[in-house]
Each structure stands twice: as C-alpha cells, then as structure tokens.
Amino acid sequence: MNTLATSSTIAETQVSARRPVAVEFLVFLSILFGAAGQLVVKAGLINAAIHPGTPVAMKIVQALLNIEVLAGLFLYAVGTIFWLFCVSKKNISYLYPLSAFSYALVALGGHFLFHEVVPSSRWGGIFLVTFGVMLLTLSHKREDA
Amino acid sequence: MPHLYLWTSVILGALAQIFLKLGVNKQTEPAPKIKRQVWVGLWLVSFAVASALWLAALSQMKVSYAFPILGAGYPMVTILSVFILRERISPAHWGAIAVITAGVALIVR
C-alpha cells in the first residue's frame with residue numbers, strides 16, 4: 001500500500017512540460033539507474049558466492065542479506081521513480097522502446113566490468129538497439145516540430 | 001505449459017506499461033484520483049504476476065530460447081498503446097521499433 005501512495009504522489013508532481021529535452025534526459029537517467037542496479041546486484045551475487053546446492057528460498061534470503069544486492073535494488077527503484085515521471089509526460093509507445101537501451105548498457109557493463117565474453121551476434125544486437133533508439137528519438141523530434 | 005507461462009508473462013508485462021500510463025498520465029486532464037490508484041495498483045499486480053510467470057517459464061525452458069521472446073514486448077506495447085491509448089505511430093516509429101526488437105533478440109539470445 002505504501003508503494004501505491006508513493007506512486008500517486010509522484011503522479012501529482014509536475015515536471016516542466018515546456019522543455020521537451022528534460023524528459024529525454026530523465027529517460028536516460030532512468031535507464032542508467034536501472035542498468036547500474038542490475039550490474040551492482042550481479043556484483044553482489046558474485047561476492048555472496050551462494051552455494052549452488054542451497055534451496056531456492058535460502059538463496060533468496062542470502063542474496064537479500066548482501067549489502068551490494070540491496071544497493072543494486074535501491075538503484076533500480078530510483079530508476080523506476082524517474083520512469084514514472086517520464087510516463088506521465090510522454091506517450092508510452094515512444095518511451096517503452098527507449099528502455100531497451102538498458103539491454104545494451106548491461107551487456108557493455110558485463111563485458112567491461114565482469115569481463116564476460118560478448119559474442120559478435122550480441123555486439124550486433126547492441127549496435128542495433130542503440131541505432132533503433134537514436135532513430136526513434138530523431139523521428140519523434142521531427143513529429144514534435 | 002511453459003509456453004503459456006512465457007507468453008502470458010510477455011502480454012501481462014506489456015499490459016503493465018499501459019496500466020502505468022493510464023495511472024500517471026499528465027498529457028491530458030488527469031483521471032480522478034481513485035481511478036488513477038486502481039490503474040497504478042493494476043500495474044504493480046500485473047508486473048508482479050508477469051515476473052512470477054517469467055520465472056516459472058524459465059525454470060522449465062532454455063534461457064537461450066525464452067529470452068529473445070522478451071523482444072516481443074516492444075511491438076506488443078506499441079500495438080496496445082494504439083488500441084487502448086489511441087497513440088499515433090508514424091512509419092519511422094514502426095521502423096525504429098523493428099530495429100530495437102531485432103537488437104534485443106540478438107543481445108539476449
């Protein structure tokens with residue numbers, strides 16, 4: 001119920017509609033916080049080194065006791081709050097596909113932070129998503145003008 | 001059965017975004033507060049159920065098969081926003097969605 005109350009308070013908060021750039025900036029912040037959250041959760045799970053044989057319920061408890069996992073979830077929550085602001089201001093058909101950029105960011109983070117091997121098809125996907133997000137933003141700008 | 005979980009999860013996840021938009025929309029005259037709270041509540045519930053179904057599906061099928069299906073969420077949200085929210089989609093917009101969907105499918109494979 002607490003989350004519900006928070007969400008409606010956010011809905012009542014006004015974001016300046018006169019500067020369209022501000023919403024795109026907030027979308028980017030939301031994606032950045034969401035992706036950072038995923039990566040920090042992953043770092044926490046690596047450090048927690050939970051034994052593979054542990055029952056699922058215990059795995060979840062052990063994960064949630066890890067400070068980095070909690071910090072990651074907090075970052076993710078901050079990203080969601082930014083997202084709520086954006087959704088109140090722009091069409092969902094425009095905003096939602098932009099959030100796909102987080103896949104590209106997380107894949108890049110996995111490669112550069114955790115030295116995960118990124119196959120060439122995935123690099124192609126990162127390029128395609130980035131290109132598509134740029135295309136969408138540009139096409140929307142033209143419609144606004 | 002895992003296919004049913006998977007697709008229900010994707011559809012519910014897409015619907016969740018529509019519920020959220022209905023709940024927090026500020027582009028037009030906002031709906032009455034009680035109505036907005038119902039939409040936001042539906043967003044939270046559908047998001048939670050979609051996540052649970054996703055885990056259920058993932059426990060019974062290969063990640064490499066299940067994950068690219070997530071890309072289907074992007075055209076789905078767009079189609080739902082046309083029918084439910086009456087949002088207008090330009091040809092360039094559809095093109096961008098196709099590129100993004102293909103990209104997501106390649107990344108998460």
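Reading the values: rules and limits
Each residue is numbered by its place in its chain's sequence as written, counting from 1. All chains are assigned letters beginning with A, and all ligands numbers beginning with 1, in the order in which they are written. Local features in this predicted model are restricted to residues of pLDDT 70 or higher, and side-chain atom pairs are both shown and tallied only at a pLDDT of 80 or more, whereas totals for entire chains, interfaces and linings draw on every residue. As a rule here, side-chain values cover all heavy atoms of the structure and leave hydrogens and water aside. Helix and strand definitions here come from DSSP, where helices need a minimum of 4 consecutive H or I residues and strands a minimum of 2 consecutive E residues; each element is numbered from the N-terminal end. Exposure categories follow from relative accessible area, calculated using a 1.4 Å probe and restricted to protein chains: below 20% of the type maximum is buried, above 50% is exposed, and the middle band is partly exposed. Contact between two residues is taken to exist if any of their heavy atoms lie within 4.5 Å; hydrogens are not considered. To measure how exposed things are, a 1.4 Å probe is used in the Shrake-Rupley method; for residues, cover is taken only from the protein chains shown. Here a helix's expected span is defined as the number of its residues, less one, multiplied by 1.5 Å. Between the N-to-C directions of two axes lies an angle of 0 to 180 degrees, each axis being a line fitted to C-alpha atoms and, for a helix, fitted only over the stretch in contact. Here the word oblique covers every angle except those under 35 degrees (roughly parallel), over 145 (roughly antiparallel) and from 65 to 115 (roughly perpendicular). Left-handed is the label given to a crossing in which the near helix is rotated counterclockwise from the far helix by less than a right angle, and right-handed is the label when the rotation is clockwise. Gly is put with the polar residues, along with every residue not named as nonpolar or charged; the nonpolar set is Ala, Val, Leu, Ile, Met, Phe, Trp, Tyr, Cys and Pro, and the charged set is Asp, Glu, Lys and Arg. Summed over both partners, buried area is the accessible surface (1.4 Å probe) that two parts give up on being assembled. Any pair of nitrogen or oxygen atoms within 3.5 Å is treated as a polar contact; in protein, a donor-acceptor pairing is required on top of that, and neighbouring residues in sequence qualify only through side-chain atoms on both sides. Throughout, the protein atoms alone are placed on a 1 Å grid, and a set of points is a cavity if a 1.4 Å probe fits but cannot get out or a pocket if it is open with protein on both sides within 12 Å along at least five of seven lines; lining residues have an atom within 4 Å of a point. Grid points are joined across faces, edges and corners, and a volume is the space filled by probe spheres set on the points.

Draft legend 1. Looking closely at the overall build of chain B. Looking only at helices and strands, chain B has 5 helices and 0 strands in total. In chain B, the succession of α and β elements from N to C terminus is α-α-α-α-α. Along the first, second and third principal axes, the C-alpha atoms of chain B reach 45 × 35 × 20 Å. Counting all 109 residues of chain B, 46% fall into the buried class. Taking the contacts inside chain B whose residues are at least 6 apart along the sequence as the reference set, 70% of them involve residues at least 24 apart. Summed over its atoms, the accessible surface of chain B is roughly 5500 Å², and 71% of this surface lies on carbon and sulfur atoms.

Draft legend 2. Local environment of helix H5 (residues 91-108) of chain B. Relative to the 26 Å expected for 18 residues at 1.5 Å per residue, H5 of chain B spans 26 Å between its end C-alpha atoms, a close match to the ideal helical length. Among the residues of H5 of chain B, those classed as buried are His93, Ala96, Ile97, Val99, Ile100, Thr101, Gly103, Val104, Ile107 and Val108 of chain B.

Draft legend 3. Just the packing of helix H6 (residues 101-114) of chain A against H5 of chain B, in detail. In contact at an axis separation of 10 Å, H6 of chain A and H5 of chain B are set at 30 degrees when each is read in the N-to-C sense. Between H6 of chain A and H5 of chain B, the crossing angle belongs to the class labelled roughly parallel. Relative to H5 of chain B, the crossing made by H6 of chain A is left-handed. Residues Tyr103, Ala104 and Ala107 of chain A of H6 of chain A form the contact with H5 of chain B, whose participating residues are Val104, Ile107 and Val108 of chain B. Taken together, the residues that form the contact of H6 of chain A with H5 of chain B break down as 6 nonpolar, no polar and no charged.

Draft legend 4. Geometry of the interface of chain A and chain B. Of the residues lining the interface, 40 residues belong to chain A; the matching set on chain B comes to 40 residues. For the chain A and chain B pair, buried surface summed over both sides reaches about 3400 Å², with 68% attributable to carbon and sulfur atoms. Three residues, Ile92, Tyr96 and Tyr103 of chain A, lead the burial of chain A against chain B; their summed loss comes to 19% of the area buried on that side. Counting every contact that joins chain A to chain B gives 10 residue pairs in polar contact (both at pLDDT 80 or more). Among the elements of the structure, helix H1 (2-12), helix H4 (67-89), helix H5 (92-98), H6 and helix H7 (120-144) of chain A are those that each provide at least two residues to the side of chain A that touches chain B. With 15 residues, the single largest contributor to the side of chain A that touches chain B is H7 of chain A.

Draft legend 5. The packing of helix H1 (residues 2-24) of chain B against helix H2 (residues 33-58) of chain B, seen in detail. All names here are of chain B. Packing of H1 against H2 brings their axes to within 7 Å, and their N-to-C directions diverge by 160 degrees. Classified by the angle between their axes, H1 and H2 sit roughly antiparallel to one another. Note that H1 runs across H2; the crossing there is left-handed.

Draft legend 6. Layout of the layout of surface pockets. Residue and element names in this part refer to chain B. Put simply, the second largest pocket is a space of about 280 Å³. Around the second largest pocket, the lining comprises 15 residues; the ones closest to its centre are Lys21, Leu22, Asn25, Thr28 and Leu85. Elements with a minimum of two residues in the lining of the second largest pocket: H1 and H2. The residue inventory of the lining of the second largest pocket, partitioned by class, reads 5 nonpolar, 5 polar and 5 charged.

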